[in-house]
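These are the residues of each chain, in order.
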Amino acid sequence: MIYTSEQVSSGHPDKLCDQISDAIVTECLKYDKNSRVAVETLIKDNQVVVAGEVSTKHFFNLEGIVKRVLEPYGMEDIMVTNLLGVQSPDIAQGVDSGGAGDQGIMFGYATDETPEFLPLPYVLATRVLEKLMNLGHPGLGKDAKAQVTYDFENKRIETFLVSIQHDAGVDLASVKRIVTQAMMSVAQRYRQNLDFRVLVNPTGRFVIGGTYADAGVTGRKIVADTYGGFAHHGGGAFSGKDPSKVDRSAAYMARKIAKAFVREGYAKRCEVQLAYAMGLRSLQVFM
């Protein structure tokens, strides 16, 4: 079986939106543990729209939170549109009594392929972006994607692809050299072959990136947030939601259960599905 997984960097426009939405959740829960938060963020250029429902006793500075997230990525003159309201009382009546904040299905998955109990191509794609971001090379930007194609039958990496933003003065040969070194380092860390096909910025120039090249939206990278396509996904995003939203908390619990089964040696791979009804505490578990 040949399978491909993709990951994106923290500077990708969609992930910037996820970070803003989660920063609002963190801020509210830090000062009011009973806060109810369901927030979506849209970003294009320097324009940020934050919409959703927040019920909390904590007064927070939305513009300050947004700027705190974006300024480390070099964004300035940020304009914020606030479209936040309060949680519907129809939802609150079920949630406040301890029930689930929504209906739906959530999945958790684990495999013994890696120490992280995650699929190998997904881990490789994730680690190379972590390495490049931590490198902090002045010629490389924050917007990047990685993709790894893996041959499970022959246990080898077929193709390693990275597209990464760079400064106009940096030539593609230099970018390719830096990225290839990162690929090789990650492959060695996981004891993989080094004779894979290398693709770095296959279209060539990638100077204009981030929110000026593409709009971002919260929850648009749900497969990259989970298992790289190796497992089912309930469809609900994690970011911007407090723990009463089972899209997030139940998916985390399903992952914990699946990981425990694999870690204890009961299975080499395990997928867990949880099912909820809004306002009810009971659930169904499928493995």
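Residues numbered from 1 in each chain as written. Predicted model: local features only at pLDDT ≥ 70, side-chain atom pairs only at ≥ 80, totals over all residues. Heavy atoms only, no water.

*Asks:* With reference to specific residues and values, describe the packing of helix H1 (residues 13-31) against helix H2 (residues 62-70).
*Replies:* Where H1 meets H2, the closest approach of the two axes is 9 Å, and the angle between their N-to-C directions is 130°. Judged on the interaxial angle alone, H2 and H1 are oblique. In this structure, the crossing between H1 and H2 has a hand that is right-handed. The residues of H2 that touch H1, namely those facing Leu16, Gln19, Ile20, Ala23, Ile24 and Glu27, are Leu62, Ile65, Val66, Arg68, Val69 and Leu70. (Axes fitted to C-alpha atoms, helices over the stretch in contact; angles between N-to-C directions. Helix = DSSP H or I, 4+ residues; strand = E, 2+ residues; numbered from the N terminus. Parallel < 35°, antiparallel > 145°, perpendicular 65-115°, else oblique. Left-handed = near helix turned anticlockwise from the far one by under 90°. Contact = heavy atoms within 4.5 Å.)

*Asks:* I'd like to hear about the side chain of Asp18, residue by residue, with values.
*Replies:* Of note, Asp18 is situated in helix H1. Overall, the relative accessible area of 3% leaves Asp18 in the buried class. With residues near it in sequence (within four places) discarded, Asp18 still touches Val217, Thr218, Gly219, Asp225 and Ser239. (Buried < 20%, exposed > 50% of the residue type's maximum accessible area, 1.4 Å probe, protein only.)

*Asks:* Outline the sheet that holds strand E8 (residues 197-200), supporting the account with residue identities and numerical values.
*Replies:* Strand order in the open sheet formed by four strands is E1-E6-E7-E8, with mixed pairing between adjacent strands. Of all the strands in the sheet, the pair left with one neighbour each is strand E1 (2-8) and E8. The average angle at which neighbouring strand axes cross in this sheet is 15°, direction not considered. Here E1 runs beside strand E6 (residues 140-151); their pairing, made up of seven bridges, is antiparallel. Looking at the pairing, Ser5 lines up with Val148 of E6. (Pairing = 2+ DSSP bridges.)

*Asks:* Could you give me a rundown of the packing of helix H4 (residues 120-135) against helix H5 (residues 172-189), with the residues and numbers involved?
*Replies:* Contact pair H4 / H5: the axes reach a minimum separation of 9 Å and the direction vectors enclose 130°. By the angle class used here, H4 and H5 are oblique. Judged by the sense of rotation from one axis to the other, the crossing of H4 with H5 is right-handed. Along the contact surface, H4 presents Leu124, Arg127, Val128, Lys131, Leu132 and Leu135, while H5 presents Ile178, Val179, Ala182, Met183, Ser185, Val186 and Arg189.

*Asks:* Could you give me a rundown of helix H6 (residues 246-263), with the residues and numbers involved?
*Replies:* The end-to-end C-alpha distance of H6, which contains 18 residues, comes to 24 Å, matching closely the 26 Å that a straight helix rising 1.5 Å per residue would cover. Every buried residue of H6 is listed here: Val246, Asp247, Arg248, Ala250, Ala251, Ala254, Arg255, Ala258 and Val262. Backbone geometry just downstream of H6 places Gly265 in the positive-phi region, at approximately 85°. (Expected span 1.5 Å × (residues − 1).)

*Asks:* Outline the packing of aromatic side chains, supporting the account with residue identities and numerical values.
*Replies:* A full pass over the atoms with the stated rule returns seven aromatic pairs. Measuring from ring centre to ring centre gives 4.2 Å for Tyr3 and Phe230, while their planes differ by 40°; the resulting arrangement is tilted. Of this pair, Tyr3 sits in strand E1 while Phe230 is found in the loop between strand E9 (216-217) and H6, placing the two residues 227 residues apart along the sequence. You can call Tyr3 partly exposed: its relative accessible area is 26%. Each residue in the set Tyr3, Tyr150, Phe152 and Phe230 is aromatic and connected to the rest through ring pairs, giving one cluster. (Phe/Tyr/Trp six-rings, centres within 6.5 Å; stacked < 30°, edge-to-face > 60°.)

*Asks:* Would you mind going over the nonpolar core in detail, with residue names and values included?
*Replies:* The biggest cluster of nonpolar side chains holds 34 residues, and the ones touching the most others in it are Val128, Leu132 and Ile164. Put simply, the parts of the chain that give this core at least two residues each are H4, E6, strand E7 (156-166) and H5. In terms of residue count, H4 provides more of this core than any other element does, nine residues in total. Filtering out sequence-adjacent residues up to four positions away, Val128 remains in contact with Ala146, Phe160, Val162, Ala182, Met183 and Val186. The next biggest cluster of nonpolar side chains, apart from the first, holds 21 residues, and it includes Leu16, Cys17, Cys28 and Ile78. (Core = buried A, V, L, I, M, F, W, Y, C linked by side-chain atoms within 4.5 Å.)

*Asks:* Outline the pattern of salt bridges, listing residues and values.
*Replies:* Counted under the stated rule, the structure contains 17 salt bridges. With its nearest N and O atoms 2.6 Å apart, the salt bridge here joins Lys221 to Asp14. On the criterion of sequence distance, the pair formed by Lys221 in the loop between E9 and H6 and Asp14 in helix H1 is long-range, its members being 207 residues apart. In terms of burial, Lys221 and Asp14 fall into one category: buried. Note that Lys268 and Asp112 form a salt bridge whose closest N and O atoms lie 2.9 Å from each other. One end of the pair, Lys268, is in the loop between H6 and strand E10 (269-276); the other, Asp112, is in the loop between strand E5 (104-111) and H4, with 156 residues separating them in the sequence. (Salt bridge = Lys/Arg side-chain N within 4 Å of Asp/Glu carboxyl O.)

Don't take any of this as a statement about function, it's just geometry.
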